[in-house]
Amino acid sequence: MLSLALLGLRDRWASFAGSFVALAIGVGLLTTMGLGLASTTDAPERAPERFAASPVVVIGTDTVTVGRVTHELFHPHPVDTRLLADLRALGPVATDGGTDAVGVDAAPDAVRRVVGDRGRVLTGDERRQADPGPERDAEALVTVNALLSTAGGVTAFVSVFVVASTFAFAVALRRREFGLLRTAGATPGQVRRALLAEAAVMGAVASGTGCALGAWGAPELARVLVEGGVAPEWFTVRDTGWPFHAAFWTGLAVALTGAWAAARRAGRTGPVEALREADVDSGVLPPGRRMVGAALLLTGLALLGWMLLTDPSDLLKRKTYTTRPMLLVTGTALLTPLLVRPVARALPLPGVTGMLVRQNAAAALRRTSAVAAPVLVTVALAGSLLGTAGTVAAAEAAEARRHTAASHIVTGGDLRPVRVPGATVSPSASTGVFVRDGATAVVRYEARAVTDPAAFAELARLPVVAGDLGDLDDGSIVIDEEIAHSESGERRVGDRLDVRLGDGRPASLRVAAVLATGTGGNGPYVTAANARAAAVDRVDVRLPPGTDPAVLRAAGSTVTPVDAWAAPRTSPQTRLGFVVVLGIALLYTAISLANTLVMATSVRGGELRALRLAGATRPRVLAVVAGEALFAVGIGAVLGAAVAAVGLAGLCAGLAALSAPVVLAVPWAPMGAALAGCALVAVVSSVVAAARASR
C-alpha cells in the first residue's frame, strides 16, 4: 500500500502541490504561533531596579479580598506614616521620593513581624514587583497572547478547510481511476487505504517542512510584534520543543482528516457507476455533509439569537466576534454546492459568453463550489471581523459624543481645572468599585469619580432609565443595568448597595440612578469623596460662545474639541492583529484558488477543444474560462457578504437592545481589496492552465 501511495504521489504531484503548500504553510504558522505563545507565559527574570540596594521592599496594601475572591485595588495604599516609623526602627529606609513602596535594610523576618497585614514584604527577585515595569510587561504579554491565540485558531480553521476541500476536489477528478481500480478487483477498503496512505505520506513531509519554516519564521514574528508596538522590547522567542510536536501532529491529523471524508466517498463508488458518471457532477452534497452544514449554520444562528436575548453586551467583546463567525462561515461553506445554482441564476450575465459561463458554472458544481468556498471564507472573515470592530468603535464614539453637552474635553494627569467665567466645568477621575454578584463572585468595575455633582448633572447626557443624576451625592452611586440586574437580586433606585471602593474601603451607597448598559462605559459614577486617592484626569467643559479654548490649557494638559475627542479609534495592536488574521485567510485562499483551478482546467482539454471545433476562437475560449473563474469568485463573494451581513445585523440588533447608537461601519475597501486579489489569482491560474490544455 505504501509503494502504491508513493507511485500515486509521484504521478500526480501537481494535484497534491496545493495541499502540500497549504499544509506546510499551516504547520509553519502553527509552529511560529506556538513558539510565540510559549514565550508569553511569563516575563523574563530581571534584577530589581528601583530598590536594588535594599534587601527588603515593603509595598502598601494593593489588593482587596472579599470572601475568597481577591482583586487588585484601583488605588493601592501607600506605606502609612506609622508603619514607616516602625520600619525606620529596624534599619535605614529608602523612600525613592514616594511612599507606595519603600526599601528597608533589615532582616526579612523582622520586617514581616512589623508589617503584618499592613502591606506586603518582598525579598530577592520579588523586589522587581515594586518597579513600574512588571505591570506593563504583564499587560503586553496578555495582548501578545491574545493575538497569537486568535491567529493560531484562524490558521487551524482555514488550513483544515482548504486541505479538506482540495483533497475532496482532487478525489472527484480521479473517479475514472477509482472505477478502473474497482473493475480490476480493488475492494472499497483498499481504495480508502490507498488515499489515506497518500495523505499520510504527503502530510508527514509537509508537516516536517512546516516545522522548519516555523523555526525560521518565529524570530521574524517576534521582531514584527516588537516593531509594531504589540510586544515589549525585550520580547524574544524561546527555544521550546512542544510547539514543534503540536504543530507536526496537528498537520498530520489535518491531512488525514481532510482525506478521510473523500476516501470514504471514493471507497463507496462502484466500478460501473464511476465509469458512467466520471464526467457528470452528481451527488456533490452527500447527506452527511448536508446535515453537518445545516447543523453548524443553525447553531451559529441560534447562538446569535441566544446572545441577543440573554446578554447582548457579549456580542461587543473581541473574543466573541472573532470566533462566533466561524460557525456561520463553516456551515455556509459546507452547503456551497446547494447554494451555487440559486446564486448563479440570480447573477445576470449578458451575451453568448455570459450564457456559456453561467451554464458551465451551474453544471460543474464541484469546480464552482471549490472556487467559491475559499472566497466565501475570506470575504466573510474580512466583513465580520473588520465590520464588527469598526461598528463597535463607531458606536462607542457616537455614544461618547451623545453623553456629554461639553464643547471641549481636557485630559491629562492630576489636572487642576482652570476657572473660566461663564463656563460649566465638570472634573472627574478614573476610579473603580467592587460589587458582589451572587453568593461568591465579586466583579471589578471601572468607574468615574465626579468632583462637582451639580456640574456633572448639567453636562452629562447619560441614558438614565430610572432615577435622576442630580441626586448623586457622597452617600450615593449611579449604576448601570448590568449591576442593577445581577445575580444578587434587583437593585432599584433608593436601594442600598454594598460595595468596596477603589481603595478597598467598604461602603453602603444609595442607588441614585440606573443607566442603560450601552457599549460598556455607562457607569458606575461616584463622587470624589468616595475616591480620595483618585487624581482628576478629565475635565468636561462647556465654554461660553466666542471664548478661546486656549484659556483651558495648563501644564501637562491636552484640550480637545468634543467631536475630535469622540472620534472612532482603533489601536495599532488591534489593526495589526486583523492584518495577521486576514493575511492568513487571504494566503490560503490564493493557494486554494490556484490549485483548484489548475487541476480543474488541466482536465478540460477535450471540452475546450470542442469549443474550438464549434467555431469559438482561442480568445473566446480563454474569455469563457476566465469568466467562469470570475463568476465562481463572484458567487463566493455574494455568499461571504451574506454571512458577514447576518453577523453585522445581529451586532446592530445587540447595540439597539443595549440602547447604544447603531452606526454600521462596512469595511468596503478591505473587502474589495481581498476580492480583487482573489479574482486576480483565479483569472491568472485558470487562463494559464486553459492556454496549455487547449493547444
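These numbers come from a predicted model, not from an experiment. (Residues numbered from 1 in each chain as written. Predicted model: local features only at pLDDT ≥ 70, side-chain atom pairs only at ≥ 80, totals over all residues. Heavy atoms only, no water.)

## Quick word on the packing of helix α3 (residues 81-88) against helix α4 (residues 108-115)
Any two packed helices are characterised by how steeply their axes cross, that is the angle between the axes, and by the distance between the axes. Packing of α3 against α4 brings their axes to within 10 Å, and their N-to-C directions diverge by 150 degrees. Classed by the angle they form, the pair α3 and α4 counts as roughly antiparallel. Once α3 is placed against α4, the crossing between them reads as right-handed. Taken together, the residues of α4 that come into contact with α3 (itself represented by Leu83, Asp86 and Leu87) are Val111, Val114 and Val115. In the contact of α3 with α4, the residues fall into five nonpolar, no polar and one charged. (Axes fitted to C-alpha atoms, helices over the stretch in contact; angles between N-to-C directions. Helix = DSSP H or I, 4+ residues; strand = E, 2+ residues; numbered from the N terminus. Parallel < 35°, antiparallel > 145°, perpendicular 65-115°, else oblique. Left-handed = near helix turned anticlockwise from the far one by under 90°. Contact = heavy atoms within 4.5 Å. Nonpolar A, V, L, I, M, F, W, Y, C, P; charged D, E, K, R; others polar.)

## So, unusual backbone geometry
Of note, the phi angle at Ser659 is positive, near 60 degrees, even though the residue is not glycine. Considering the arrangement of structural elements, one finds Ser659 in the loop between α21 (618-657) and α22 (668-693). Ser659 sits in the partly exposed class, given a relative accessible area of 41%. (Buried < 20%, exposed > 50% of the residue type's maximum accessible area, 1.4 Å probe, protein only.)

## What about helix α13 (residues 336-346)?
Along α13, the positions that sit buried rather than exposed are Thr336, Pro337, Val340, Val343 and Ala344. Down the axis of α13, the buried side of the element spans an arc of 115 degrees, and every buried residue falls inside it. Among the exposed residues of α13, those pointing more than 90 degrees away from its buried face are Arg345 and Ala346. Buried residues belonging to α13 abut α10 (287-310), α12 (325-334), α14 (351-363), α15 (365-402) and α21. (Arc of directions from axis to C-beta.)

## Focus on the pairing of strand β15 (residues 506-515)
Taken across its ten residues, β15 has seven buried, putting it largely inside the fold. Two elements, strand β10 (residues 464-467) and β15, share three bridges in a ladder whose sense is antiparallel. Bridge pairing in β15 places Gly467 opposite Ala513. Bridge count for strand β11 (residues 476-480) against β15 is five bridges, and the pairing is parallel. Within β15, the position partnered with Asp480 by the bridge is Leu515. Bridge count for strand β14 (residues 496-501) against β15 is five bridges, and the pairing is antiparallel. Following the sheet pairing, Arg496 is matched in β15 by Arg510. Between the antiparallel neighbours β14 and β15 lie four residues, among them Gly504 with a positive phi of about 95 degrees. (Pairing = 2+ DSSP bridges.)

## Some points on the side chain of Arg491
With respect to the helices, strands and loops of the structure, Arg491 is situated in the loop between β13 (489-490) and β14. With no salt bridge to any partner, buried Arg491 finds its closest opposite charge in Asp437, at an N-O distance of 5.7 Å. Ignoring sequence-local partners within four residues, the contact set of Arg491 consists of Val435, Arg436, Ile479, Ile483, Ala484, Ser486, Leu497 and Val514. (Lys, Arg positive; Asp, Glu negative; His and termini not counted. Salt bridge = Lys/Arg side-chain N within 4 Å of Asp/Glu carboxyl O.)

## Quick look at α21
Along its 40 residues, α21 runs 58 Å from first to last C-alpha, staying within 8% of the 58 Å computed at 1.5 Å per residue. Ser659 sits one or two residues past α21 and shows a positive phi near 60 degrees. (Expected span 1.5 Å × (residues − 1).)

## Section: the confidence of the model for the protein
Confidence in the prediction for the protein averages 81 pLDDT; 87% of positions are at 70 or higher. In the model of the protein, helix α9 (residues 271-276) stands out as the element of lowest mean pLDDT, 54, in contrast to strand β16 (residues 525-527), which has the highest, 95. (pLDDT = per-residue confidence, 0-100.)

## Quick word on the environment of Thr570
Secondary-structure assignment places Thr570 in the loop between α18 (562-565) and α19 (572-602). Distance from Thr570 to Ala393, taken between C-alpha atoms, is 7.1 Å for residues 177 residues apart in sequence.

## A word on the pattern of salt bridges
Any two side chains of opposite charge can pair if their charged atoms end up close together. Applying the stated criterion across every chain, the model contains ten salt bridges. Here Asp62 makes a salt bridge to Arg120, at a shortest N to O gap of 2.9 Å. Of the two residues, Asp62 sits in the loop between β1 (56-60) and β2 (63-66) while Arg120 sits in strand β6 (residues 119-123), which places them 58 residues apart along the sequence.

## Comments concerning the side chain of Thr391
The residue Thr391 is located in helix α15 in this model. The residues touching Thr391, leaving out its near neighbours within four places in the chain, are Leu648, Leu651, Leu655, Val663, Leu664 and Ala665.

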